Amino acid sequence: TVAVANSRGWIDYEAPVAKYWPEFAQNGKGAVTVRQLLGHEAGLVWIDEPLRVEDLRDLDRVSSLLARQKPEWEPGTRHGYHAMTIGLYMQELIRHADPAHRTLGRFFRDEIAEPLGIEFSIGLPPEIPDERLARLRLFTPGRAIRALPSVPKGYVMRILWPWSLLRKSMLFADVNPNDRRWLEVEVPAGNGVGTARAIARAYSAFAEGGAELGITPATHASLTAVNHPERPRDE
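Just so we're clear, the structure is a prediction, and the values are computed from it rather than from any experiment.

Right, let's talk about the overall build of the protein chain for a bit. Within the protein chain one finds 11 helices and 2 strands. Compactness check: the protein chain gives a C-alpha radius of gyration of 18 Å against a globular reference of 18 Å for 235 residues, within 12% of the reference. With respect to the principal axes defined by its C-alpha atoms, the protein chain has extents near 55 × 45 × 35 Å. Taking all 235 residues of the protein chain together, the buried fraction comes to 44%. Across the protein chain, the fraction of contacts at a sequence separation of at least 24, relative to all contacts at a separation of at least 6, is 68%. When the accessible surface of the protein chain is totalled, it reaches about 13400 Å², and 55% of it is carbon and sulfur. Within the protein chain, the 30 negative side-chain charges are centred at a point lying 6 Å from the centre of the 29 positive side-chain charges.

Next up, the structure:
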């Protein structure tokens, strides 16, 4: 979605996020670039203030929470997976940069899903019946214990440690992935719903350069270039 916006000149990967979303500059984020944000280098791995599913329907409130968030490290100095927050930040980037101020889900539908003819939504449409929705197997202590032999030890320790950034990044809202209320809100990093063919078709379009969606060669080259974030001198 952001690649389409970049190809149209609406978003510059090297520009500060605050250029499009001025409120984002709070708490030392004024110089954070779009590339750093999308590259999981901004230190915004979680949200200090608690969220409920119903809160996610109020995009202006979510925008304010995101704008106030203080980075966990100096942006651009290291990389850490922004598991769920990355989608919310992209949502605001699109809402502010798109001339029509569409949500990311609406933008995706208009500019990617419909042109490709795929059945994939960010924000589940009401006309999709429950019978068509696959159910996810939820986390249980028993399944976690059985998986221990195949999981790196460092990962296990960070999951168990209540104050680790990895653990915090996964504590996102009061989420039940099988609850239709959760699927109906737009959380672009965590609740897209579609068919296997739709997902394959979307990936195929971008794997081939994205030309059929208007992705320019310059945008594609920028996305596939190797990026090396600077490391702090004391590491």
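Close contact between helix α4 (residues 85-97) and helix α5 (residues 104-116) brings their axes to 8 Å; oriented N to C, the two are set at 70°. Between α4 and α5, the crossing angle belongs to the class labelled roughly perpendicular. Contact with α4, carried on its side by Met 90, Gln 91 and Ile 94, involves Leu 104, Gly 105 and Phe 107 of α5 and no other residues of that element. For the contact of α4 with α5, the class distribution of residues is 4 nonpolar, 2 polar and no charged.

Along its 13 residues, α4 runs 18 Å from first to last C-alpha, staying within 8% of the 18 Å computed at 1.5 Å per residue. In terms of residue burial, α4 counts as a mostly covered element, since 11 of its 13 residues are buried. The set of residues buried in α4 consists of Thr 85, Ile 86, Gly 87, Leu 88, Tyr 89, Gln 91, Glu 92, Leu 93, Ile 94, Arg 95 and Ala 97. Each element contacted by the buried residues of α4 is listed here: α1 (2-7), α2 (34-38), α3 (59-68) and α5.

If you trace the backbone, Ser 222 turns up in helix α11 (residues 217-224). Residue class for Ser 222 comes out buried when judged on its relative accessible area of 19%. Residues within four places of Ser 222 in sequence aside, it is in contact with Tyr 13 and Arg 35.

The next thing to look at is the packing of α3 against α4. Geometry of a packed helix pair, given as the angle between the helix axes and the separation of the axes. Between α3 and α4, the shortest axis-to-axis distance is 10 Å and the interhelical angle comes to 110°. Compared by their axis directions, α3 and α4 come out roughly perpendicular. Relative to α4, α3 is oriented so that their crossing is left-handed. Contacts between α3 and α4 involve Leu 59, Asp 60, Val 62, Ser 63 and Leu 66 on the former and, on the latter, Leu 88, Tyr 89, Gln 91, Glu 92, Arg 95 and His 96.

Each value, and the rule that gives it
- Residues numbered from 1 in each chain as written.
- Predicted model: local features only at pLDDT ≥ 70, side-chain atom pairs only at ≥ 80, totals over all residues.
- Heavy atoms only, no water.
- Helix = DSSP H or I, 4+ residues; strand = E, 2+ residues; numbered from the N terminus.
- Rg over C-alpha atoms; globule rule 2.2 N^0.38 Å.
- Buried < 20%, exposed > 50% of the residue type's maximum accessible area, 1.4 Å probe, protein only.
- Contact = heavy atoms within 4.5 Å.
- Areas by Shrake-Rupley, 256 points an atom, 1.4 Å probe, with all protein chains shown as cover.
- Lys, Arg positive; Asp, Glu negative; His and termini not counted.
- Charge placed at Lys NZ, Arg CZ, Asp CG, Glu CD.
- Axes fitted to C-alpha atoms, helices over the stretch in contact; angles between N-to-C directions.
- Parallel < 35°, antiparallel > 145°, perpendicular 65-115°, else oblique.
- Nonpolar A, V, L, I, M, F, W, Y, C, P; charged D, E, K, R; others polar.
- Expected span 1.5 Å × (residues − 1).
- Left-handed = near helix turned anticlockwise from the far one by under 90°.

That is the geometry; function is a separate question.
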